[in-house]
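Observations on the model geometry
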Amino acid sequence: IREKLAADFPKVPEYRQGVARTLTNLGMLQADTQKTTEAERTFARAVEMLDKLVSDLPNVPAYRWDLARGHNNLGTVLADLGKVKEAEKAYRTALE
C-alpha cells in the first residue's frame, strides 16, 4: 500500500518516508530472526530511498535522521555477516 502511494504520488515525500520506515521495520524483523542476508538487502533498499529523499529535501531533519539510522542498521547487519569494512563505512556514514 505504501509503495503504491509513493509511486502514485511521488511529490508527497511523507509517502516515500513511510516506505523507507516500513522497510526499516522489515529489516529489523529479518535481522532479529537471523535472516541477515535478507536484512542487508532490505536495509540497503531503505538507505537508497532515504538518500534520495534527503537529496531532494535536505532541510528536513527527520529524513536525515532516518537516513543516519538506516546506515547504522545496515552497519549492524554487515558486521553480523562479517563484512567488517563495509560495516565500518556504514557506521561512519551514519556518524557524518
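**Some points on the environment of Leu-5**
Mapped onto the fold, Leu-5 is located in helix α1 (residues 2-8). Leu-5 sits 10 residues away from Tyr-15 along the chain, and the two C-alpha atoms are 6.3 Å apart.

**A short note on the side chain of Asp-66**
Position of Asp-66 among the secondary structure elements: in helix α4 (residues 61-80). For Asp-66, the side chain forms a polar contact with the side chain of Gln-17, separated by 2.9 Å. A polar contact is formed between the side chain of Asp-66 and the side chain of Arg-21, at a distance of 2.9 Å.

**Let's talk about unusual backbone geometry**
Here the phi dihedral of Gln-34 falls at roughly 65°; this positive angle occurs in a residue that is not glycine. Mapped onto the fold, Gln-34 is located in the loop between α2 (13-32) and α3 (36-56). According to the relative accessible area criterion, Gln-34 is exposed, its value standing at 64%.

**Some details on the pattern of salt bridges**
Applying the stated criterion to the full structure yields 8 salt bridges. Residue Arg-16 is joined to Asp-56 by a salt bridge in which the shortest nitrogen-to-oxygen separation is 2.9 Å. Linking Arg-16 in helix α2 with Asp-56 in helix α3, this pair joins segments that are 40 residues apart in sequence. Residue classification places Arg-16 among the buried positions, given a relative accessible area of 17%. We classify Asp-56 as partly exposed; its relative accessible area is 36%. In this structure, Arg-69 engages Asp-66 in a salt bridge whose closest nitrogen and oxygen atoms are separated by 3.7 Å. Of the two residues, Arg-69 and Asp-66 both sit in helix α4, 3 residues apart, roughly one turn of that helix. Connected via shared salt-bridge partners are Arg-16, Lys-52 and Asp-56.

**Observations concerning helix α5 (residues 84-95)**
With 12 residues, α5 should reach 16 Å at 1.5 Å per residue; the first-to-last C-alpha distance of 16 Å fits that figure. Of all the residues in α5, the buried ones are Ala-87, Ala-90 and Ala-94. Down the axis of α5, the smallest arc covering the buried residues is 65°, so these residues share one side. The exposed set on the far side of α5, more than 90 degrees from its buried face, consists of Lys-85, Lys-89, Arg-92 and Leu-95. Against the buried residues of α5 lie α4.

Reading the values: rules and limits
Residues numbered from 1 in each chain as written. Predicted model: local features only at pLDDT ≥ 70, side-chain atom pairs only at ≥ 80, totals over all residues. Heavy atoms only, no water. Helix = DSSP H or I, 4+ residues; strand = E, 2+ residues; numbered from the N terminus. Polar contact = N/O pair within 3.5 Å; in protein donor to acceptor, adjacent residues only side chain to side chain. Buried < 20%, exposed > 50% of the residue type's maximum accessible area, 1.4 Å probe, protein only. Salt bridge = Lys/Arg side-chain N within 4 Å of Asp/Glu carboxyl O. Expected span 1.5 Å × (residues − 1). Arc of directions from axis to C-beta. Contact = heavy atoms within 4.5 Å.

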